[in-house]
Amino acid sequence: MKNLTFKKKSKFIEFIGEKFIAVNAFVALAAVLLIFIFIFKEALPIFYDEYIQEEVTIEKMIVKQAFAEGREAKFSWQPNSDNPRYSLLPLFIGTLKASIIAMLFAIPLGVGGAIYSSQFASKRMREIIKPAIEMLSGIPSVVLGFFALIVLATFLQNTFGFTYRLNSINAGIALGLTVIPLIFTISEDALTSVPGSLADAALALGANKWQVTSTVILPAALPGIAAGIVLGFGRAIGETMIVLMASGNAAIVSSAFTDSIRTFSATIASELAEVVFGSAHYSVLFFLGSLLFLFTFIINMTGDIVLIRLKEKLQGGK
Amino acid sequence: MHKTKISVDNIVDNQTFIPNYPIKMSIRDVDFFYGSQQALYNIHLDIIENQVTALIGPSGCGKSTFLRTLNRMNDTIPGTSLTGTIQLEGVDIYNDFSDTSMLRTKIGMVFQKSNPFPKSIFENVAYGLKVNGIKDKAIIAEAVEETLQKAYLWDEVKDKLDKSAFLLSGGQQQRLCIARALAIQPEVILMDEPASALDPISTSKIEDLIAELKKNYTIIIVTHNMQQAARVSDTTAFFYEGVIIETGDTKKIFTKPIKQKTEDYITGRFG
């Protein structure tokens, strides 16, 4: 037999390749970190700059402010007034209302669709439903916003007789359309990844298809479904274009879902381009951005913790 | 695969010579197809009550497929079809049972890999009762204890009934799966290589359990393990390429098989 001569591998190329990949990873990490630092830094003057503090402080953003002495104090977002006021409450309420409607709309449709597609649909049907729903996420949000602004708003107003054409329900439903594919895809993956042996065991014990789904598959897939919902909520809070176009953009304090709203994200998008660089308004907008980042961060963290707890419970080990 | 049908006369069936054994299930002329691919040819077999029937044969010979026709588990696979008749005490399980879930309460099943639900030990055993409409908590609790005792698992788990079933060892999990199947009081229990993933000690516990269970149940077991078939079963059916080559008393099959193919297989010449 002929002697084999093995070629020595180049240590140098291996070294360069490994370092190159590491650099890529760190660039991405650094970019994320730098963006956060920049946003927080631009918001900071609110806490120490005297000129800015004359106009706005944390307290002024939370407590009711009056336009002038003798006038009634209100929660209002009026950055361009002679006496600018920056109450966060109307924006917070607007963001919350749009997200709540979006989730109320998207959770039943996304999770329900995932259950149907993964458990009850024929193979053929599934091959139609899955790509169709996932295609929703490929639609640019400006197109969905346009649709909500022109078509959906008119339809909803004609059907339910809303006073304001553009309101949180209209924006929330359009927002829900972007959240559905997210919830659907993650839930569907979770449901189909439940081992078939569990379904077999339940069937062999005389359970019917519906019982198998509700008592075995669904509980086992719950962490995945919860993850989908949490990520969907994060998306709904951060989404900008749709709420900018379809919500009416009125920063008002109201509990009625039929009133117009304005969200954090839409406020930043619509005002940052015209704001005076370095002004109080400028810092406040960055403060909003920081808050938005913190919200989504906390939501994702809570989601993760819930997921880990659920997983532990489902997979044994108390 | 055999393309020609083998007539019933060609199948050696020496169990018909044994008189006075009540027949629990009878299988006649069963052909089974995955789509257009035929997996079982003209299966003819009687399952005797309160006995252990072992199904042996090389991988892919159709013994697991056959086992799954007996409680209609193959119905869940799209595109499968079956011709011929399978009767449980004279009742045709394919034509007279419109509700497969009712059939499966009479014919239970234990799978190759233990597959407890991600629930507590108690809930695992209670599951079959609950999905079949038993709500009374006292009845369920009593049935769970009784069943776990029948599976010789009670002493090992009585203090941790509310703990996850995943905390049990592999062998305990498989006995839990057997207990789970027993809870709904089936008449026949199908076992698909129930000990193939277990260590020798756990395997022997399962085999002891099978020997004990046959007093009250009719058991059909698929196994790759010749010694196991010889140890636990009363009757053996040898499957080869979708056909039953030989059936009969286990002792006879393992000592004086009639067909050359059977002898070749049990002596380890192929398989």
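Remember, it's a predicted structure, so these values are computed and weren't measured experimentally. Residue positions are counted from 1 within each chain, in the order its sequence is given. Each chain is given a letter, starting from A, and each ligand a number, starting from 1, according to the order in which they appear as written. Totals for whole chains, interfaces and linings use every residue, but because this is a predicted model, local features are given only for residues with pLDDT of at least 70 and side-chain atom pairs only at 80 or more, for both listing and counting. Think of the side-chain values as coming from all heavy atoms in the structure, minus any hydrogens and water.

With respect to the interface of chain B and chain A
Then, number 1: Whether two residues touch is decided by their heavy atoms; if any such pair falls within 4.5 Å, the residues are in contact. Opposite the 28 residues of chain B that make contact, chain A presents 20 residues.
Then, number 2: In total, chain B and chain A occlude about 1,800 Å² of area from one another, counting both sides; carbon and sulfur atoms represent 64% of this.
Then, number 3: Summed over the three residues of chain B that lose the most area to chain A, namely P118, Y127 and V131 of chain B, the buried surface amounts to 27% of that side.
Then, number 4: By definition here, a salt bridge exists when the distance from a side-chain nitrogen of Lys or Arg to a carboxyl oxygen of Asp or Glu is within 4 Å. Between chain B and chain A we count one salt bridge in total.
Then, number 5: Measuring nitrogen to oxygen at the nearest pair gives 3.8 Å for the salt bridge that ties D200 of chain A to R68 of chain B.
Then, number 6: Elements with a minimum of two residues in the side of chain B that touches chain A: α2 (100–106), β7 (107–110), α3 (121–131) and α6 (170–183) of chain B.
Then, number 7: The residue classification treats Ala, Val, Leu, Ile, Met, Phe, Trp, Tyr, Cys and Pro as nonpolar and Asp, Glu, Lys and Arg as charged. All others, Gly included, are polar. Across the side of chain B that touches chain A, the residue classes break down as 13 nonpolar, nine polar and six charged. What counts as buried area is the accessible surface, traced by a 1.4 Å probe, that two parts surrender upon association, with contributions from both included. Secondary structure elements are taken from DSSP: a helix is a run of H or I of four residues or more, a strand is a run of E of two residues or more, and numbering for both begins at the N terminus.

Some remarks on the domain arrangement of chain A
Residue and element names in this part refer to chain A.
Then, number 1: Domain ranges listed in this record stem from an automatic or a database domain assignment. The domain architecture assigned to chain A consists of domain 1 (12–43) and domain 2 (86–314).
Then, number 2: Between the C-alpha centres of domain 1 and domain 2 there is a distance of 30 Å.
Then, number 3: Each partner contributes residues to the interface: domain 1 has six residues there, and domain 2 has seven residues.
Then, number 4: Of the roughly 640 Å² buried between domain 1 and domain 2 on both sides combined, carbon and sulfur atoms contribute 76%.
Then, number 5: Of all residues in domain 1, F40, E42 and A43 give up the largest surface area on contact with domain 2, accounting jointly for 64% of the area buried on that side.
Then, number 6: One can count zero salt bridges joining domain 1 with domain 2.
Then, number 7: For the purposes of these results, a polar contact is taken to be a pair of N or O atoms within 3.5 Å, where, inside protein, one atom must be able to donate a hydrogen and its partner to accept one; residues adjacent in sequence count only when each atom of the pair is a side-chain atom. Summed over the shared surface of domain 1 and domain 2, the result is two residue pairs in polar contact (both at pLDDT 80 or more).
Then, number 8: Across the side of domain 1 that touches domain 2, the residue classes break down as five nonpolar, no polar and one charged.

Thoughts on the pairing of strand β3 (residues 37–48) of chain B
Residue and element names in this part refer to chain B.
Then, number 1: β3 sits mainly inside the fold: eleven of its twelve residues count as buried.
Then, number 2: Two strands make a pair as long as DSSP finds a minimum of two bridges between them. Of the pairings in the sheet, the one linking strand β2 (residues 23–34) to β3 comprises eight bridges and is antiparallel in character. Within the sheet, the bridge partner assigned to F33 lies in β3 and is Q38.
Then, number 3: Between the antiparallel neighbours β2 and β3 lie two residues, among them G35 with a positive phi of about 60 degrees. Each residue is assigned to one of three classes by its accessible area relative to the maximum for its type, calculated with a 1.4 Å probe on protein chains only: buried under 20%, partly exposed between the two thresholds, exposed over 50%.

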